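Observations on the three-dimensional arrangement
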Amino acid sequence: MAGSLQDQLKKSGLVSKKKSQQLDAEKRKKIKAKNKGQKSNNEIAEKVKQAKLQKNQDDQKLNQQQQQQIKQNEEKARINQIIDRAKIKDCDGDTAFNFQFNNKIKTLYLNKENYDALVAGSLGLCQIDNIIFLLPKATVNKINSINPAYVVLHQDKPNTTPESESDDPYADYEIPDDLMW
């Protein structure tokens, strides 16, 4: 019994010649594939695992961005609702109020009452979609606590001069009523 197992099985009649040829062909294909450098199942499985891991990370990033966008939209809708309820509608007048918005000086024409309240700090300015709204201080504080990016002008402290009244060398001079600073 000097032949291979396959030869022995053929001689004994347990395996047909056709089946033997098929097994030889499969064996040659495996050897050829190995020699050509085709990847083994472990390498393929590892690549699939890495691809799934990468896809999961990409999905998490996308989900995080979507959640952030939803949060911003909800925040904007909430601020828009607050502004619609509390905005001061009848504020048009002849007195010009200048303020900085988006690195530009803007002018808002107000009536005397609203101008004085805005300068004193009891009113503030907020914007949504580049539209400026005049709002009470409490509303501006509420919007500032939600997102300060929507607040254009907000004075927490009343205006105080750095010098005291006694040190003012021009305290004895009267300021004319028609002079606007």
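Each value, and the rule that gives it
- Residues numbered from 1 in each chain as written.
- Predicted model: local features only at pLDDT ≥ 70, side-chain atom pairs only at ≥ 80, totals over all residues.
- Heavy atoms only, no water.
- Helix = DSSP H or I, 4+ residues; strand = E, 2+ residues; numbered from the N terminus.
- Contact = heavy atoms within 4.5 Å.
- Areas by Shrake-Rupley, 256 points an atom, 1.4 Å probe, with all protein chains shown as cover.
- Pairing = 2+ DSSP bridges.
- Salt bridge = Lys/Arg side-chain N within 4 Å of Asp/Glu carboxyl O.
- Buried < 20%, exposed > 50% of the residue type's maximum accessible area, 1.4 Å probe, protein only.
- Axes fitted to C-alpha atoms, helices over the stretch in contact; angles between N-to-C directions.

If you tally the helices and strands in the protein chain, you get five helices and five strands. Traced from its N-terminal end to its C-terminal end, the protein chain shows the element sequence α-α-α-β-β-α-β-β-α-β. At a minimum sequence separation of 6, the contacts of the protein chain that also span at least 24 residues come to 42%. If you sum the accessible surface of the protein chain, you get close to 15,200 Å²; carbon and sulfur atoms cover 49% of it.

Turning our attention to the pairing of strand E4 (residues 131–136). Strand direction decides the pairing type here: strand E3 (residues 123–128) and E4, joined by six bridges, are antiparallel. Each residue of the ladder has a partner; that of Cys126, found in E4, is Phe133. Hairpin remark: E3 followed by E4, antiparallel, with two residues in the connecting loop; positive phi at Asp129, about 55°.

So, on to the pairing of strand E2 (residues 104–110). Relative to E2, strand E1 (residues 95–101) is paired through seven bridges, and the arrangement is antiparallel. Of the residues in E2, the one forming a bridge with Thr95 is Leu110. Between E1 and E2, which pair antiparallel and follow one another directly, the connecting turn spans two residues, one of which, Asn102, has a positive phi of 55°.

All chains considered together, the criterion is met by four salt bridges. In this structure, Asp129 engages Lys76 in a salt bridge whose closest nitrogen and oxygen atoms are separated by 2.6 Å. Highlighted residues: Asp129 in the loop between E3 and E4 and Lys76 in helix H3 (residues 41–86), separated in sequence by 53 residues. When its relative accessible area of 53% is taken as the criterion, Asp129 is described as exposed. One salt bridge connects Asp116 with Lys112, and the closest N-O pair in it is separated by 3.5 Å. In this pair, Asp116 and Lys112 both sit in helix H4 (residues 112–120), four residues apart, roughly one turn of the helix.

Right, let's get into the environment of Leu110. Within the element layout of this structure, Leu110 appears in strand E2. Separated by 20 residues in the primary sequence, Leu110 and Asp90 place their C-alpha atoms 8.9 Å from one another.

With that settled, consider the sheet that holds E4. Within the open sheet, the three strands sit side by side as E4-E3-E5. Their pairing is antiparallel. Taken across any chain shown, the strands that pair with only one partner, and hence form the sheet edges, are E4 and strand E5 (151–153). If you compare each strand with its neighbour and ignore which way they point, the axes differ by 40° on average. Taken strand by strand, helix H5 (residues 137–146) contacts E3, E4 and E5, and its axis lies near 120° from that of E4.

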